[in-house]
Amino acid sequence: MQDAVFYLTAALMIFCAFRAVTSPFIFRSALYLAATLALTAVQYLLLKAEFVAVVQILVYVGAVVILIIFAVMLTAQLGEGSNRQTNRFALVAGASSLALGFGLYKMLTGHTWVLAAPAAVEALDGSPKAVGSALINSYILPFEIIGFLLFTALVGAVLIARKEPNS
Amino acid sequence: MSVGLTQFLGLSALLFSIGIFGLLTRRNAVGLLMATELILNSVNLNLVAFNRFVHPGAMNGQIFTLFTITVAAGEATVALALVVSLFRAKRSVMVEDINAMKW
């Protein structure tokens, strides 16, 4: 059952990701990206990382994709369909990225990972309680720093995107 | 074959290469950003898979994924602000039109 879900989700993810980078309409490509990210949340659920799956939906599908769609609408150009969205290096780029992905896969699977015992794998707890306690106990300093980083990004984005007062 | 670490590594390597392909072929700056999000997402999948199969006793992979998602959100915010401000200045978001610092 889990295997069937994995292979179905993986096939859909690869299709949606491919359409997201090749679609001639940037708006559709944003929707395909949203689908890919939502399907990734399904994979996280299969990996028993429930909290990460919820955050994925909330932050990526709920916020980042909406932001991207806003940017697409704000920068829409007339006659977008006739305006090519890809450059002419598709063949070279496809060959080199496939070679890169294959090399990456070979490198990652060539190493013999010391896998945990199946009982320990099943006992993994990705619930909000476990993640929250790890965040507050072991990772409190990076947690605070990431909050500051988000604040800085917010102020920077407002500063960059606002109109100049006298122009 | 039962789904294990290898299958997740293969899936994320494929998603990574699709993202690289988008990064190399897109002309639209927003499209480039979307390809970047795909790449970050594939790395996150890897981290969570390693957490599950190699080191299930600790939460390191999942916590790292949460941080990556946060940084990706911040990066998207700033990048899209840059795109909007570029569009205002140049009336274009195609990356070959942005060549003021190139000679």
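See the structure printed just above.
Residues numbered from 1 in each chain as written. Chains lettered and ligands numbered in written order. Predicted model: local features only at pLDDT ≥ 70, side-chain atom pairs only at ≥ 80, totals over all residues.

(A) Molecular detail of the overall build of chain A. Each helix and strand in chain A was counted, giving seven helices and zero strands. Listed N to C, the secondary structure of chain A is α-α-α-α-α-α-α in terms of helices and strands. Computed over the C-alpha atoms, the radius of gyration of chain A is 21 Å, more than 25% above the 15 Å expected from 2.2 N^0.38 for a compact globule of 167 residues. For chain A, the spread of C-alpha atoms along the principal axes amounts to about 60 × 40 × 30 Å. The buried share of chain A, reckoned over its 167 residues, is 26%. (Helix = DSSP H or I, 4+ residues; strand = E, 2+ residues; numbered from the N terminus. Rg over C-alpha atoms; globule rule 2.2 N^0.38 Å. Buried ≥ 20, exposed ≤ 12 C-beta atoms within 10 Å, placed from the backbone.)

(B) Highlighting the packing of helix α4 (residues 90-110) of chain A against helix α1 (residues 5-25) of chain B. Interhelical geometry of α4 of chain A versus α1 of chain B gives an angle of 155 degrees and a closest axis separation of 8 Å. Between α4 of chain A and α1 of chain B, the crossing angle belongs to the class labelled roughly antiparallel. In this structure, the crossing between α4 of chain A and α1 of chain B has a hand that is right-handed. Of the residues in α1 of chain B, those in contact with Ala90, Ala93, Gly94, Ser97, Leu98, Leu100, Gly101, Leu104, Tyr105, Leu108 and Thr109 of chain A of α4 of chain A are Thr6, Leu9, Gly10, Ala13, Leu14, Phe16, Ser17, Ile20, Phe21, Leu24 and Thr25 of chain B. (Axes fitted to C-alpha atoms, helices over the stretch in contact; angles between N-to-C directions. Parallel < 35°, antiparallel > 145°, perpendicular 65-115°, else oblique. Left-handed = near helix turned anticlockwise from the far one by under 90°. Contact = placed C-beta atoms within 7 Å.)

(C) Up close: the interface of chain B and chain A. Across the contact, 62 residues belong to chain B and 75 residues belong to chain A. The set of elements that each furnish at least two residues to the side of chain B that touches chain A consists of α1, α2 (29-53) and α3 (60-90) of chain B. At 21 residues, the largest contribution of residues to the side of chain B that touches chain A is made by α3 of chain B. For the side of chain B that touches chain A, the class distribution of residues is 40 nonpolar, 18 polar and four charged. (Nonpolar A, V, L, I, M, F, W, Y, C, P; charged D, E, K, R; others polar.)

(D) Local environment of the nonpolar core. With 65 residues, the main nonpolar core has Ile68 of chain A together with Val30 and Met34 of chain B as its most contacted residues. Element by element, the count of residues in this core is highest for α2 of chain B, at 13 residues. Not counting residues up to four positions away in its chain, the partners in contact with methionine 34 of chain B are Ala20, Ser29, Ala30, Leu33 and Ile68 of chain A together with Gly22 of chain B. (Core = buried A, V, L, I, M, F, W, Y, C linked by C-beta atoms within 7 Å.)

(E) Local environment of α3 of chain B. Along its 31 residues, α3 of chain B runs 44 Å from first to last C-alpha, staying within 8% of the 45 Å computed at 1.5 Å per residue. Directly after α3 of chain B, the chain includes arginine 91 of chain B, whose backbone phi takes a positive value near 60 degrees. (Expected span 1.5 Å × (residues − 1).)

(F) Main features of the packing of helix α2 (residues 26-46) of chain A against α2 of chain B. At a minimum axis distance of 11 Å, the contact between α2 of chain A and α2 of chain B shows a crossing angle of 5 degrees. Between α2 of chain A and α2 of chain B, the angle falls in the class roughly parallel. Side by side, α2 of chain A and α2 of chain B meet where Ile26, Ser29, Ala30, Leu33, Thr36, Leu37, Thr40, Gln43 and Tyr44 of chain A of the first sit next to Val30, Gly31, Met34, Glu37, Leu38, Asn41, Leu45 and Val48 of chain B of the second. Across the contact of α2 of chain A with α2 of chain B, the residue classes break down as ten nonpolar, six polar and one charged.

(G) The arrangement of unusual backbone geometry in detail. A positive phi is found at lysine 48 of chain A, a non-glycine position, where the angle reads about 60 degrees. With respect to the element layout, lysine 48 of chain A can be found in the loop between α2 and α3 (50-74). Phi angles above zero are rare outside glycine, and arginine 91 of chain B is one such case at about 60 degrees. In this structure arginine 91 of chain B comes out as exposed when scored by C-beta crowding, with 10 C-beta atoms within 10 Å.

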